[in-house]
Each structure stands twice: as structure tokens, then as C-alpha cells.
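Geometric and topological summary
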Amino acid sequence: MTTRHLKIFLNVYITGSMTAAAQKLYMTQPSVSQAIRELEAHYNGLLFERLGKKLYLTERGKLLLPHAREMIRQFQQLEELMQNQGQSSTLKLGSTLTVGTCLTPSIILDLQKKIPDLDVYSFVTNTQNIEQKLLRSELDAAVVEGEIHSPDLVVLPIIDDCLVLAAGKKHPFYRRGRIHVQELNNQKFAVREYGSGTRQLFEDYTLRHDLKIRTAWEANSPHALLNPVLYNQMLSVMSIRLMPHEIRHRSVRVFCNEAGEWNRKFKLVYHKNKFLTPAIFELEKILHTYQQLELPSVMGVLNRQGTYLIQLKNGRTYRSYDMYGRFSFFFSPDRVGSFSEPDI
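1. Some remarks on the overall build of the protein chain
Helix and strand content of the protein chain: twelve helices and 16 strands. Out of the 344 residues belonging to the protein chain, those deemed buried represent 49%. The long-range share in the protein chain, meaning contacts at least 24 apart out of those at least 6 apart in sequence, stands at 71%. Accessible area of the protein chain: about 17,800 Å², with a carbon and sulfur share of 50%.

Printed below as a string of C-alpha cells:
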């Protein structure tokens, strides 16, 4: 069994045909068929079965597929490393939509300053799609905000992030300093698409608090969620990193989650069998420079029901008490900002 056999196997899987694979590889169809027979003899079983005019993987073939992909990928990386004197010239970098919008352009610039000859290919989609591309070795590494489920992927939480509730000037919440979680019931929301880490975190929150919201707008672009907030009296929950301009100019009012349920990390992810190139090591170093999250000076707060905030006179510490006067938590406004009403 050689890398040639594996390349032929992968191309037959991709095209679903011996003839199409032969054309793609500039080989004869009998040569492709012979290579597949040799692989099947080597592994003592059929790798493909024919259904109609197309070839499909057997269970044995499905077992071979991810390993074949990874071996071919590692071989290509080895060739590239040796030909470029130990420096990988390309990096296929995946980003989820939030990361791709607010961080990836700066990260790529930083990478290319460190490795001037590096050619970066960037692919931006939601967490679910990124995970599948990493498992298929179609990406070298990725930075994601959502949860990764496969045990075959290494996940390194690095960059601080948090979701906030955003309300535009036309929404009644805009003039509020704090709101209770149950006030979200029956509100119109603009939300991300299925497969998004942001959507999953917010849906988990609504289930935990038994909220019944109205999904009135759905988009796979973080910036596309801002328009209904600004102009259509809708609410949205998104990363605070996506709205620096709107927050600075007070066109939106943002509310942090009192209990920290929307705090999260952007994570560096790659396959556990990945050959780690100098570019990936440099990427990890660069991500640490973006670790801290800068919060705005003016924010509202989303309270759990039955709690309220009191500003203590002695010092700049805020405390939260429940309806019975019991202490719940404390924090400094230097960390989460002022909770005064916005200047209208």
C-alpha cells in the first residue's frame, strides 16, 4: 500500500466513478481499477460497492477514508516543508463567522509580518462546518467560538469573549439600565443560523430559563443582524467584539449577562494527528496577544429574576442582592463599565 493507492482511493470516492477518477488523475481506467483491487486485497475486503451508476464506500471503506485523507495531507505537508527548507509556505485557516468578522483579518496580517512568505487561505463559516472540514483535513487549523464535539480534534481555549444583548434606540430597552431575564419573553429577536456557536449558546440559555422568544430575523452574517436591531425594534445576542462603532456612538445599548452565562472563549482547533508547522505555532502565539477583552465604559445588565443592583458609597464596587436581601455577587465597574442610564 502506497500514497499512490490512497490518492486513487480518495479520487474514486470523490468522483464516485473509476472512469471519472482516471480522467482527473490522468490515468487509464484499468490502472485505477487495478489500484483499488490491490488496496482491497491488502485490507482483505471490499472498499466500494456499486449502487446504480455510482460507487459508494462500504463500512470498511468508511473506516479507511479519514486515515487516507490525513496520510495524504501529512505527505503533502512533508513535501512542502522539505522543499521550503523547513518553512511551510501555505496555511489553510478556518474561522467561524464572528471570529472571521472581528479578528481574522488582523490575525492574518500579524502572521504575514512574522512569516513574510506565508500564503494564507481563509475559509469562514459556522462552527459545525468548520469542524467537518478539520476532520476531512481540508483545513490546517481554525479559530472558532462554538463547541467542538469530535474527540479527534485538539481544542485550545485562548481568547476571551462574551455575548451581549443589543437593543437599538427605537426599542424600549434602550432607555433601561437593567432588565430581568423574564422580560425577554415574547420579544422579537434577530438570530444566527443553525450550526452557529453563538446561536447554540443563546438557545441553551433560553431553554435553561424557559424563555419563549420570537425569532423574526435569521442570518448567517453577524453584521446582517445589526440592521433589524438598529431599524426594526428587534433584539439580538451577539459578541461584544462585533459592535465597537455602534457602542461608541451609542446607536445600540448593550446588556451584559449578570451570571456570566454568555462568557466564552475563542478556541484554536486542529486535528490531533496534524503535523504542526511553524505557521501553526506562530498562529497560537499571535492569538494570545488578542486574549483580553476590552469592555465599553457604558453597559446595561441583564439580571436574573429577583435580583437587583446596589452601588455602595464606600468604593467603586457594585453588589447584587436577591429579593430577600441576600448577597449574590460583586464586581467592579472598571471591569464591566457604568450602569448609568444612557444620555439621550
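2. What to know about unusual backbone geometry
With glycine set apart, most residues show a phi of negative sign, and most peptide bonds adopt trans. In the Ramachandran plot, Y26 falls in the positive-phi region, its phi being about 55 degrees despite a non-glycine side chain. Within the secondary structure, Y26 is located in the loop between α2 (18-25) and α3 (29-42). On the basis of relative accessible area, Y26 is assigned to the exposed category, the value being 79%. With a phi close to 55 degrees, D210 is a non-glycine residue in the positive phi region. Tracing the sequence through the fold places D210 in the loop between α8 (197-208) and β9 (214-219).

3. A word on the pattern of salt bridges
Tallying each qualifying case throughout the model produces 15 salt bridges. Close ionic contact of D160 with K265 constitutes a salt bridge, the shortest N to O distance being 2.6 Å. Highlighted residues: D160 in strand β6 (residues 153-168) and K265 in strand β12 (residues 263-271), separated in sequence by 105 residues. A residue is classified by how much of its surface remains accessible, and K265, at 30% relative accessible area, is partly exposed. The salt bridge involving R192 is made with E193; its shortest N-O contact spans 2.9 Å. Using a relative accessible area of 4% as the deciding quantity, one classes R192 as buried. On the basis of relative accessibility, which here comes to 12%, the residue E193 falls in the buried class. Several salt bridges converge on common partners, so that one network encompasses K133, R136 and E138.

4. Thoughts on the packing of aromatic side chains
Evaluated as defined, the whole model comprises five aromatic pairs. Between the aromatic rings of F189 and F202, the centroid separation amounts to 5.2 Å while the plane-to-plane angle is 35 degrees, which identifies the pairing as tilted. Residue F189 is located in strand β8 (residues 188-192), and its partner F202 is located in helix α8; the two are separated by 13 residues in the primary sequence. What makes F189 buried here is its relative accessible area of 0%. The interplanar angle of 70 degrees and the centroid separation of 6.2 Å between the aromatic rings of F202 and W262 together place this pair among those described as edge-to-face.

5. A few points about the side chain of S137
Tracing the sequence through the fold places S137 in the loop between α7 (127-135) and β5 (141-144). Judged by its relative accessible area of 12%, S137 is buried. Within the local environment of S137, its side chain forms a polar contact with the side chain of E70, the two groups lying 2.7 Å apart. Beyond its immediate stretch of four places on either side in the chain, S137 contacts R69, E70 and R73.

6. Things to note about the packing of helix α6 (residues 104-114) against helix α11 (residues 278-288)
In a packed pair of helices, the relevant descriptors are the angle between the two axes and the axis-to-axis distance. Between α6 and α11, the shortest axis-to-axis distance is 10 Å and the interhelical angle comes to 125 degrees. Classed by the angle they form, the pair α6 and α11 counts as oblique. Our pair here, α6 against α11, has a crossing hand that is right-handed. Listed contacts from α11 to I107, D110, L111 and K114 of α6 are A279, E282, L283, I286 and L287. Looking at side-chain class alone, the contact of α6 with α11 contains six nonpolar, no polar and three charged residues.

What counts as what
- Residues numbered from 1 in each chain as written.
- Predicted model: local features only at pLDDT ≥ 70, side-chain atom pairs only at ≥ 80, totals over all residues.
- Heavy atoms only, no water.
- Helix = DSSP H or I, 4+ residues; strand = E, 2+ residues; numbered from the N terminus.
- Buried < 20%, exposed > 50% of the residue type's maximum accessible area, 1.4 Å probe, protein only.
- Contact = heavy atoms within 4.5 Å.
- Areas by Shrake-Rupley, 256 points an atom, 1.4 Å probe, with all protein chains shown as cover.
- Salt bridge = Lys/Arg side-chain N within 4 Å of Asp/Glu carboxyl O.
- Phe/Tyr/Trp six-rings, centres within 6.5 Å; stacked < 30°, edge-to-face > 60°.
- Polar contact = N/O pair within 3.5 Å; in protein donor to acceptor, adjacent residues only side chain to side chain.
- Axes fitted to C-alpha atoms, helices over the stretch in contact; angles between N-to-C directions.
- Parallel < 35°, antiparallel > 145°, perpendicular 65-115°, else oblique.
- Left-handed = near helix turned anticlockwise from the far one by under 90°.
- Nonpolar A, V, L, I, M, F, W, Y, C, P; charged D, E, K, R; others polar.

All quantities given are derived from atomic positions and should not be read as evidence of function.
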